[in-house]
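A look at the structure
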Amino acid sequence: MLPLELDRNAQATLQSQIYGQIRRLIVDGVVRPGMELPSTRALAVQFGIARNTVLAAYDWLLSEGYVETSQGLGTHVSWRLPEECLTIDPSTESDPVHSDRQGRREKVPTIWDTPDLVLPEIDENAPKVDFAPGKINPDCFPVRLVQRYGQDALQGIRKPLSSYRDLAGLAILRQAIADHLSTSRGMRVEAELIVVTCGIQEALNIVSRLFISAGFKVAVENPCYQSAALVFGSHGATMVPIDVDADGIVVEQVARTKARLLYVTPSHQFPTGATLTLQRRRDLLRWARDTGAYIIEDDYDSDYRYDSPPLMSLAGLDRSDSVIYLGTVSKSLGPGLRIGYLVAPPALAETAVRIKTMQTLGNQYLEQKIVSGFLLSGTYQRHLRRIRKLYLETRDAMLGRLAEHFGPLDIRGKDSGMHLMWTLPCELDDASAISKRVRQYGVQVHTIESAGAKDFGSPYRDRSLIFGYSSLTPDEARMGIDAIAKVTARP
């Protein structure tokens with residue numbers, strides 16, 4: 001009889017352990033209401049025990065209200081958990097896991113800290129009218145073309161998805177990007193100098209790893225793209241803010257710094273919208289050549305020019321291999337594809353590829369093939385022409401309604417891009433107050449900082465509103481401006 005009694009004790013112990021572990025996962029919220037638990041058969045195989053032991057543990061959980069069972073649907077965590085799940089204090093339990101927590105040493109501290117990051121809009125309950133800069137109108141997304149090129153990409157996909165290859169990006173995509181840049185941005189670039197990235201964000205991290213260590217000086221526009229400043233800072237850079245006026249970054253101030261790396265958005269300065277003049281472009285390149293510095297050219301929305309032809313990119317004008325060019329399809333095809341690219345000077349290309357390899361071991365194959373299909377077929381340019389027209393209609397509707405309500409306007413950045421900046425007249429409240437009050441009408445308009453910019457103390461901070469219009473229809477834009485007129489009307 002004694003061996004049988006021992007077996008029963010062991011079975012009871014295992015049953016208690018299974019019950020306790022599953023209950024703890026439920027109480028801690030690791031396994032949430034509605035989630036399906038493994039079958040008793042699968043759990044028995046996993047633990048190497050009799051299925052009856054698992055059945056008994058599940059019955060115990062069922063009797064206390066932690067789980068529910070349905071014929072043919074398995075066992076799920078109860079939607080209405082026992083009341084004790086809301087009040088339980090892990091420190092009072094005899095659970096050895098929680099007992100260990102009481103006496104454990106403090107964990108190694110992290111070394112990176114950053115202020116709140118203004119993230120891209122992901123709220124499904126966002127306001128009906130949101131003037132967020134850089135947003136894509138979902139109705140403009142070329143679904144059928146993506147499906148067509150996606151189907152093409154699925155042909156012969158086994159080998160590409162079964163191996164690491166083209167670590168700098170698909171050769172066919174890099175060549176297509178090189179051809180596109182030659183015609184659209186005046187750049188003479190070899191495909192071997194292009195590194196395909198997961199958007200501009202990864203490109204910024206690659207550049208940072210190329211150059212930045214603690215105390216390294218990076219000159220940036222003031223105000224500038226917030227994510228760029230945060231990436232540089234996370235690598236230990238000391239930021240040197242440079243003023244921006246109606247003609248772009250003030251080159252004379254750049255020349256007075258000892259920075260060896262400069263970050264600029266010359267086509268459509270973020271967030272002020274200024275376009276860097278041709279003379280200042282030449283002056284910047286002369287500074288880089290004479291000092292041995294590099295310029296990071298973020299050309300994030302240069303595909304959109306409305307009232308005048310685009311100026312040649314800094315990289316297109318460069319004759320001293322001083323420009324690191326960053327581009328993306330996030331503002332044209334959509335950020336969900338996560339395809340950007342870095343064009344490196346010859347001396348940096350090999351190292352940039354090594355950094356890229358160390359970070360991600362390549363890129364998503366399907367997305368690269370889809371973007372290649374757009375560029376090689378000519379549909380990319382046709383798509384751009386179509387959405388340029390739509391954006392222009394919305395921009396004109398917005399500017400017209402602003403002029404109706406507020407008269408002469410101090411506007412920057414309206415000739416290109418996907419957003420513009422309005423400097424408020426002195427009789428209106430500051431930008432933050434207007435932004436808060438207009439929300440009552442379901443409208444979101446942005447200050448410099450809520451738009452995703454880093455302001456180091458510029459004259460634009462308190463008196464400027466940012467209007468992104470690329471995700472809105474003309475009627476929605478008018479509706480938003482009407483709401484601003486209501487909250488700024490004087491009694």
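In short, a report on the structure. Note that this is a predicted model, so its numbers are computed, not measured. Position numbers for residues count from 1 along each chain, tracking the sequence in the order it is written. In keeping with the model being predicted, local features are shown solely for residues with a pLDDT of at least 70 and side-chain atom pairs are shown and tallied solely at 80 or more, while totals for entire chains, interfaces and linings include all residues. Where side-chain values are given, they derive from all heavy atoms of the structure, hydrogens and water being excluded.

Moving on, we come to the side chain of S330. With respect to the helices, strands and loops of the structure, S330 is situated in the loop between strand 11 (323-328) and strand 12 (340-343). Residues count as neighbours in contact if any of their non-hydrogen atoms are within 4.5 Å of one another. Beyond its immediate sequence surroundings of up to four residues, S330 is in contact with I136, P335, R338 and I339. Counting from the N terminus, the helices are the DSSP runs of H or I reaching at least four residues and the strands are the DSSP runs of E reaching at least two.

By definition, two strands form a pair when at least two bridges between them are found by DSSP. Strand order in the open sheet made by the eight strands is 4-12-11-10-9-5-7-8, with mixed pairing throughout. Each edge of the open sheet carries a strand with a single partner, namely strand 4 (194-197) and strand 8 (248-249). Bridge analysis of strand 4 against strand 12 gives four bridges, and the strand direction is antiparallel. Looking across to strand 12, one finds that V196 is bridged to Y341.

On to the packing of helix 9 (residues 199-211) against helix 10 (residues 226-234). The contact between helix 9 and helix 10 brings their axes to 9 Å, and the two run at 30°. Judged by the angle between their axes, helix 9 and helix 10 are roughly parallel. Between helix 9 and helix 10 lies a crossing of right-handed hand. Counted together, Q201, L204, N205 and S208 of helix 9 and S227, A228, V231 and F232 of helix 10 form the full contact between these two elements. Put simply, Ala, Val, Leu, Ile, Met, Phe, Trp, Tyr, Cys and Pro go in the nonpolar bin, Asp, Glu, Lys and Arg in the charged bin, and everything else, Gly too, in the polar bin. Here the contact of helix 9 with helix 10 is composed, by residue class, of four nonpolar, four polar and no charged. Orientation is described by lines fitted to C-alpha atoms, with helices fitted over the stretch in contact, and by angles between N-to-C directions that extend from 0 to 180 degrees. Roughly parallel means an angle under 35 degrees; roughly antiparallel, over 145; roughly perpendicular, 65 to 115; everything else is oblique. Crossing handedness: left-handed means the near helix sits turned counterclockwise from the far one by under a right angle, and right-handed means the same turn made clockwise.

Moving on, we get to unusual backbone geometry. Residues N222 and P223 are joined by a peptide bond in cis, for which omega reads 5°. Counting through the fold element by element, P223 comes out in the loop between strand 5 (217-222) and strand 6 (224-225). A cis amide bond, omega 15°, links F270 with the succeeding residue P271. One can find P271 in the loop between strand 9 (261-264) and helix 12 (278-291). We note that R338 has phi near 55°; this positive angle belongs to a residue other than glycine. Tracing the backbone through its elements, the reader meets R338 in the loop between strand 11 and strand 12. Only protein chains enter the calculation, and the probe is 1.4 Å; a residue is then buried if its accessible area is under 20% of its type maximum, exposed if over 50%, and partly exposed in between. With a relative accessible area of 28%, R338 lands in the partly exposed category.

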